Amino acid sequence: MIDLGLLIIRIMVGIVFFYYGSQKLFGWFGGYGIKGTGGWFESVGIKPGNAIALFSGLAELVSGILFILGLFLPIAAVLITIVMLGAIVKVHGPKGFANADGGFEYNLMLIVIAIGMALIGPGAYSLHDYLNF
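Definitions and limits used
- Residues numbered from 1 in each chain as written.
- Predicted model: local features only at pLDDT ≥ 70, side-chain atom pairs only at ≥ 80, totals over all residues.
- Heavy atoms only, no water.
- UniProt positions renumbered as here; feature names shortened; annotations may be inferred.
- Helix = DSSP H or I, 4+ residues; strand = E, 2+ residues; numbered from the N terminus.
- Rg over C-alpha atoms; globule rule 2.2 N^0.38 Å.
- Buried < 20%, exposed > 50% of the residue type's maximum accessible area, 1.4 Å probe, protein only.
- Contact = heavy atoms within 4.5 Å.
- Lys, Arg positive; Asp, Glu negative; His and termini not counted.
- Charge placed at Lys NZ, Arg CZ, Asp CG, Glu CD.
- Core = buried A, V, L, I, M, F, W, Y, C linked by side-chain atoms within 4.5 Å.
- Axes fitted to C-alpha atoms, helices over the stretch in contact; angles between N-to-C directions.
- Left-handed = near helix turned anticlockwise from the far one by under 90°.
- Expected span 1.5 Å × (residues − 1).
- Parallel < 35°, antiparallel > 145°, perpendicular 65-115°, else oblique.
- Nonpolar A, V, L, I, M, F, W, Y, C, P; charged D, E, K, R; others polar.

An unreviewed UniProt entry annotates the protein as Oxidoreductase originating from Heyndrickxia ginsengihumi. One UniProt comment on the protein, placed under Subcellular location (unreviewed entry), says "Cell membrane". Turning to the protein, the UniProt record has this under Sequence similarities (unreviewed entry): "Belongs to the DoxX family."

A. Focus on the overall build of the protein. Tallying secondary structure elements over the protein gives six helices and zero strands in all. Counting helices and strands in the order they occur from the N terminus, the protein gives α-α-α-α-α-α. The C-alpha radius of gyration computed for the protein amounts to 15 Å, which stays within 12% of the reference 14 Å derived for 133 residues, consistent with globular compactness. On the principal axes, the C-alpha backbone points of the protein span a range of 45 × 30 × 20 Å. Looking at the 133 residues of the protein, the share that counts as buried comes to 39%. For the protein, contacts bridging at least 24 residues in sequence account for 55% of all contacts bridging at least 6. Where the 6 positive side-chain charges of the protein centre and where its 6 negative ones centre are 14 Å apart.

B. A look at the nonpolar core. Ranked by size, the top nonpolar core spans 20 residues in total, and within it Val13, Phe17, Phe67, Ile80, Met84, Ala114 and Met117 carry the most contacts. Secondary structure elements with two or more residues in this core: α1 (2-26), α3 (49-69), α4 (73-92) and α5 (105-120). Considering every element that reaches this core, the biggest residue donor is α4, with eight residues. Apart from the residues lying within four places of it in its own chain, the contact partners of Ile80 are Val13, Phe17, Ser63, Phe67, Leu110 and Ala114.

C. Up close: the UniProt feature "transmembrane region" (unreviewed entry) in the protein. Per the UniProt record, "transmembrane region" (unreviewed entry) is found at residues 7-22, 65-88 and 108-127. Counted over residues 65-88, helix gives 88% and strand 0%. Its end C-alpha atoms are 23 Å apart.

D. Structural detail: the packing of helix α2 (residues 33-43) against α3. Contact pair α2 / α3: the axes reach a minimum separation of 7 Å and the direction vectors enclose 115°. The two elements α2 and α3 cross, and the hand of that crossing is right-handed. Residues Ile34, Lys35, Thr37, Gly38, Gly39, Phe41 and Glu42 of α2 form the contact with α3, whose own contacting residues are Gly49, Asn50, Ile52, Ala53, Leu54 and Ser56.

E. Structural view of α3. Here α3 spans 30 Å end to end across 21 residues, near enough to the 30 Å set by a 1.5 Å rise per residue. Residues of α3 that are buried include every one of Gly49, Ala53, Ser56, Gly57, Ala59, Glu60, Leu61, Ser63, Gly64, Leu66 and Phe67, and no others. A positive backbone phi angle near 75° is found at Gly70, which sits one or two residues after α3.

F. Local environment of the packing of α1 against α5. The contact between α1 and α5 brings their axes to 11 Å, and the two run at 135°. As the angle between them shows, α1 and α5 are arranged oblique. Taken as a pair, α1 and α5 cross one another with a handedness that is left-handed. Counted together, Leu6, Ile9, Arg10, Val13, Val16 and Phe17 of α1 and Tyr106, Leu110, Ile113, Met117 and Ile120 of α5 form the full contact between these two elements. Here the residues of the contact of α1 with α5 sort into ten nonpolar, no polar and one charged.

Now the structure itself:
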C-alpha cells in the first residue's frame, strides 16, 4: 500500500506542475503563454519577464513529468523548490502564511512534498525502479 500511496502523491504533484508549466509555456488550460506570463512577471517586478516565464515554465513542466514517471525525483524537487521559493519571495511571502489571504502556505506545502518524495523515493510503481536506476 505504501507504493500505491507514493504513486498517488507523485501523480497529483506531477499533474499540478505539468498544468502550470503548460500554461506558462504553451498557453494551455487558460494560460497566457510565455509572452503573457512574462508580461505579468514584469508587472510585479520580476525581470526579464519572458526569460523567467520560460525558465519557470520549463522547470514546472519537466518536474511535473519527472514526478509522474517517478524519475530523478531529487532533480525534480530542486526545480520545484526553486520555482516555489521564487513565488514565495516575490509574490506570496508578503501576504503571510494563509493561502486564503494569498499567502505562501500552498507553495511551502509543495516544497515539503517534493523534498519528502525525493528523500523517500518514488516507490515501486515508477520508471526509476523499472529501469533499475
